[in-house]
Amino acid sequence: MEVFRSEMFYIFVRNESSLWWNRVTGEFSVRSAWDLSDIEDIECLGVTEGIIGKVEHSNIYDPRLIVIKESVPMGQIYFHHTIYKIKSISIINLGTTNQEVDLLPCTKHGSSASINRSNKKMGGRLFENSAFLNKTVGAVKNVSNTIKSTTQQAATQVKQTVKKQRDPKVAERFEKRLTDELHKIFDDSDSFYYCRTLDLTNSLQRQYDIEKILDAEEGVSKPVTDLTRWWKHVDDRFFWNKFMLKDIVALESPCCDEWVLPIIQGFIHLSQIACDPPDANPLNTASLSGSSTCDETFTLGVISRRSRYQAGTRYNRRGIEPDGKVANYVETEQIVSIVCSDSIHRASFVQVRGSVPIFWSQPDYKFRPPPRLDRTEEESQAAFRKHFEEELKIYKQVCIVNLVEQQGRERIIWEAYGNHVLKYNSPDVIYATFDFHEYCRGMHYENVSILINAIADVIEDMRFCWRDNRGLICEQNGVFRVNCIDCLDRTNVVQTAIAKLVLELQLRRLGLGGGGLPAALRQAFLSMWADNGDVISRQYAGTKALKILLVDV
């Protein structure tokens, strides 16, 4: 989309719609793109891929708009939806001072294509062939001048009062530090993704449920391929920039749908994998739909969605909040898709990780501080109940896999978790405990197979989501909730092992293979999950995960 600046507004133009940000009042409005023909003294600043949202900090940090400067495609999911990763951002100040905005140049108008301050208006250059050139701008100019003379005077008085109450040098340092941190978050983390035609916050199974709701509302059956159809149904847990877009959402107009772009934080990887040759495939690909006209490759992908609740770094965020939200909560979905006989077959399996859902902490005043319980058992049980009520509402059943040490410094957390599970006493919660460090001591990570064999029946019964163009073939009944103390290294290994077994099941059902994974596919699978563990670890702990995934689990 193109970004323009006039004396009173920043204006974003996408297709036939435009979003106007008042540089004095800070208010947003949505208009037709043709309304630019009524504005004089306008310049094109460049182009942006989308608006992330607004940031501000009371009287310390003036409102700024974060927009996507650069993004890179990560590949296509389900063969039709391109997913992008944000590479860099630009920050636009609200104030009337014409700051330099760092955007990619606009090929249509040139970078920062200022129009001279003569009687020639930008509208004539933007819409040379438009019938809207006959519009008059007298009324618009009068209204703009009135707004400017009143609101700008009031805004100036407020800013002068605020500046008197703070040290300008301190404020300047704070603003620079915060701006630098914003750039660091987006430019260096490789953690933020978006897609304009697919809901990244919801799993394949939840997307199917949303499609049924939308079809019922609109009285017609059609796929969800337009952002304006589904963004109001996004999963609130993973809508990372929801608060930053609140002023646009508050317009409560269908016209603003074009400007709401949900961003997720986490990890996404998509790989194209060659199918086994027919003579090596124990199940003929014709088993999918009675025909052998399947593509020679299939897509293997992982999408990890990090919750925006109880977000923060290790040691600063542990355990649970009173409303049931836990630290380092991540939903990871493994996806396989292939085109066969003009029908797209999609299979996915979801796992979650999250901190032990009780009140506990680990003060970081020394190396490896011992965990401690922070509140009474009754207080923890109330929050514990809220957490699992939400989990069961979303996933129906939960199989807890607790990897916390059963002896030593972690024992207090292990005992408390088990006691709360027993007290909750839900028939829809399965509790499995596995002392990872005890069983895998000496880097014997292959012993994770002991756990996998023990829960193999649960994996089989849980199944996975599988759908084609005609609808849902089967659905996943439940979810594995895996945790250790940090929900990082040990959790990564066990989730990888579970995902490996499920992938073998998915490929057999899709007619793409049998037995274990071929060497090339196995390496791609393990690398993908290792990278997933690295990124989640950097987001929570600031360091990479231990490379213990590249073993035979």
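What you are looking at is a predicted structure, and each value in this text was computed from that prediction instead of being measured.

### Quick notes on helix H12 (residues 489–509)
Thinking step 1. With 21 residues, H12 extends 30 Å between its outermost C-alpha atoms, agreeing within 8% with the 30 Å of an ideal straight helix rising 1.5 Å per residue.
Thinking step 2. The positive-phi residue at the C-terminal boundary of H12 is glycine 511, with phi of around 75°.

### Section: the pairing of strand S16 (residues 398–402)
Thinking step 1. Along S16, five of the five residues are buried, which leaves the element largely enclosed by surrounding structure.
Thinking step 2. Side-chain alternation along S16 places Val398, Ile400 and Asn402 on one buried face and Cys399 and Val401 on a second face that is also buried.
Thinking step 3. Where the polypeptide runs from S16 across helix H8 (residues 411–424) and back to strand S17 (residues 429–433), its parallel neighbour, the crossover connection is right-handed.
Thinking step 4. Both S16 and strand S20 (residues 479–483) contribute to a ladder of five bridges, which runs parallel. Residue pairing for S20: cysteine 399 is matched across the bridge by phenylalanine 480.

### What to know about helix H3 (residues 168–187)
Thinking step 1. Taking 1.5 Å of rise per residue, 20 residues should cover 28 Å, and H3 covers 28 Å from first to last C-alpha, within 8% of that figure.
Thinking step 2. What H3 keeps buried is the set Ala171, Glu175, Thr179, Leu182 and Phe186. Buried residues along H3 cover an arc of 65° about the axis, so they all sit on one side. In H3, the exposed residues that point more than 90 degrees away from the buried face are Lys169, Arg173, Lys176 and Arg177.

### Here's the deal with the sheet that holds strand S1 (residues 2–5)
Thinking step 1. Across the sheet, which stays open at both edges, the five strands sit in the order S4-S3-S2-S1-S5 with antiparallel pairing between neighbours. In the strand order of this sheet, the two ends are held by strand S4 (28–32) and strand S5 (43–47), each with one partner. Recorded for the sheet is a direction-independent mean angle of 25° between the axes of neighbouring strands.
Thinking step 2. Bridge count between S1 and strand S2 (residues 9–14): four bridges; the pairing is antiparallel. Paired with phenylalanine 4 across the bridge in S2 is isoleucine 11.

### Quick look at the confidence of the model for the protein chain
Thinking step 1. On average, residues of the protein chain score 84 in pLDDT, and 82% of them are at 70 or above.
Thinking step 2. Confidence over residues 111–164 falls short of pLDDT 50; this stretch has 70 contacts with residues more than four positions distant or in other chains.
Thinking step 3. With pLDDT under 50 throughout, residues 278–291 is counted as low confidence; its partners more than four residues away or in other chains account for 28 contacts.

### Considering the packing of helix H7 (residues 377–395) against H8
Thinking step 1. Following both chains from N to C, one finds H7 and H8 inclined at 65°, their axes separated by 10 Å at the closest point. With respect to H8, the element H7 is oriented roughly perpendicular. Remark: the crossing between H7 and H8 carries right-handed chirality. Where H7 approaches H8, its residues Glu377, Ser380, Gln381, Phe384, Arg385, Phe388, Glu389 and Leu392 are matched on the opposing element by Tyr417, His420, Val421, Lys423 and Tyr424.

Calculation criteria
Residues numbered from 1 in each chain as written. Predicted model: local features only at pLDDT ≥ 70, side-chain atom pairs only at ≥ 80, totals over all residues. Heavy atoms only, no water. Helix = DSSP H or I, 4+ residues; strand = E, 2+ residues; numbered from the N terminus. Expected span 1.5 Å × (residues − 1). Buried < 20%, exposed > 50% of the residue type's maximum accessible area, 1.4 Å probe, protein only. Right-handed = clockwise from strand over helix to strand, strands pointing away. Pairing = 2+ DSSP bridges. Arc of directions from axis to C-beta. Axes fitted to C-alpha atoms, helices over the stretch in contact; angles between N-to-C directions. pLDDT = per-residue confidence, 0-100. Contact = heavy atoms within 4.5 Å. Parallel < 35°, antiparallel > 145°, perpendicular 65-115°, else oblique. Left-handed = near helix turned anticlockwise from the far one by under 90°.

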